[in-house]
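Coordinate analysis (summary)
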Amino acid sequence: MTRLTGRALRVTIFIGETDLWHHKPVYTEIVHRARKAGLAGASVFRGIEGFGASSLIHTQRLLSLSDDLPVAVIIVDAEDKVRAFLPELDELVGSGLVILDDCEVIRYMRREKNT
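These remarks concern the structure in this document. (Residues numbered from 1 in each chain as written. Predicted model: local features only at pLDDT ≥ 70, side-chain atom pairs only at ≥ 80, totals over all residues. Heavy atoms only, no water.)

Examining the overall build of the protein chain
The following threshold applies: Numbered from the N terminus, helices here are DSSP runs of H or I no shorter than four residues, and strands are runs of E no shorter than two. Think of it in three bands: residues with accessible area under 20% of the maximum for their type are buried, residues over 50% are exposed, and the middle band is partly exposed, with areas taken using a 1.4 Å probe on protein chains only. Should any heavy atoms of two residues lie within 4.5 Å, those residues are counted as being in contact. Reported accessibility uses the Shrake-Rupley method at a 1.4 Å probe radius. Residues are deemed covered only where the shown protein chains occlude them.
For the protein chain, the count of helices and strands is two helices and eight strands. For the protein chain, the N- to C-terminal ordering of α and β elements is β-β-β-α-β-β-β-β-α-β. Within the protein chain, the fraction of its 115 residues that count as buried is 30%. Counted over contacts in the protein chain with a minimum sequence separation of 6, partners at least 24 positions apart contribute 75%. Summing over all exposed atoms, the protein chain offers an accessible surface of approximately 8400 Å²; the carbon and sulfur share of this is 53%.

Dropping the structure here:
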């Protein structure tokens, strides 16, 4: 497991909720591959509304239910580890957007209470 503090690289992958890789959601495959690659962590966030290159709005609102809401997968780790992982995304992301950002990580850990 990576213990990360300081300068890092964040990769955000924007895809559709219904995007599949071998009958599994692409976001699930990304998370599993990130874990296998030893990256510090990955989180998936489901959007409630959005649009992409097609300009078609996908929304969660009751009267216009969409079965393809936007999903963002966020991974943060050391730059070399994130860049080494990018070929995995080349294979998995058929349609989407990948953003790389420099960032600074501040890691908080639970401290034991002194009694």
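Some points on helix α1 (residues 26–36)
Condition: The directions from the helix axis to the C-beta atoms are what the arc is built from.
Of the positions making up α1, those classed as buried are Val-26, Glu-29, Ile-30, Arg-33 and Ala-34. On an axial view of α1, the arc spanned by its buried residues comes to 135°, and they lie on one face. The exposed residues of α1 that point more than 90 degrees off its buried face are His-32, Arg-35 and Lys-36. Residues of α1 that are buried sit in contact with β1 (6–16), β2 (20–21), β3 (24–25), β4 (42–46), β7 (70–77) and α2 (79–92).

Points about the side chain of Asp-77
Rules: We define a polar contact as two N or O atoms separated by no more than 3.5 Å, with the added condition that, inside protein, one atom must be a possible hydrogen donor and the other a possible acceptor, whereas residues neighbouring each other in sequence contribute only through side-chain atom pairs.
Structurally, Asp-77 is set in strand β7. Overall, the relative accessible area of 0% leaves Asp-77 in the buried class. Within the structure, the side chain of Asp-77 is placed 2.6 Å from the backbone nitrogen of Ala-40, a separation counted as a polar contact.

A look at the packing of α1 against α2
Angle between the axes and distance between the axes: these two values describe a pair of packed helices. Operational definition: The axes used here are C-alpha line fits, helices contributing only the stretch in contact, and every angle between their N-to-C directions lies in the interval 0 to 180 degrees. Roughly parallel means an angle under 35 degrees; roughly antiparallel, over 145; roughly perpendicular, 65 to 115; everything else is oblique. Note on convention: near helix rotated counterclockwise from far helix by under a right angle means a left-handed crossing. Clockwise means right-handed. Think of it as three bins: nonpolar holds Ala, Val, Leu, Ile, Met, Phe, Trp, Tyr, Cys and Pro, charged holds Asp, Glu, Lys and Arg, and polar takes everything else, Gly as well.
Contact geometry of α1 with α2 gives a least axis separation of 11 Å together with a crossing angle of 160°. Between α1 and α2, the crossing angle belongs to the class labelled roughly antiparallel. Judged by the sense of rotation from one axis to the other, the crossing of α1 with α2 is right-handed. Here Val-26, Glu-29, Ile-30, Arg-33 and Ala-34 of α1 come into contact with α2, specifically with Phe-85, Glu-88, Leu-89, Glu-91 and Leu-92. When grouped by side-chain class, the residues that make up the contact of α1 with α2 number six nonpolar, no polar and four charged.

A closer look at the pattern of salt bridges
To keep things clear, this is the line we draw: The salt bridge definition used is simple: a Lys or Arg side-chain nitrogen within 4 Å of an Asp or Glu carboxyl oxygen.
Evaluated as defined, the whole model comprises eight salt bridges. Among the salt bridges present, the one from Glu-91 reaches Arg-33, with a minimum N-O distance of 3.0 Å. Within this pair, whereas Glu-91 is found in helix α2, its partner Arg-33 is found in helix α1, the two being separated by 58 residues in sequence. Taking relative accessible area as the criterion, Arg-33 reaches 15% and is therefore assigned buried. Linking Arg-83 and Glu-79 is a salt bridge whose minimum nitrogen-to-oxygen distance equals 2.8 Å. Here the residue Arg-83 and the residue Glu-79 both occupy positions in helix α2, the gap between them amounting to four residues, near one helical turn.

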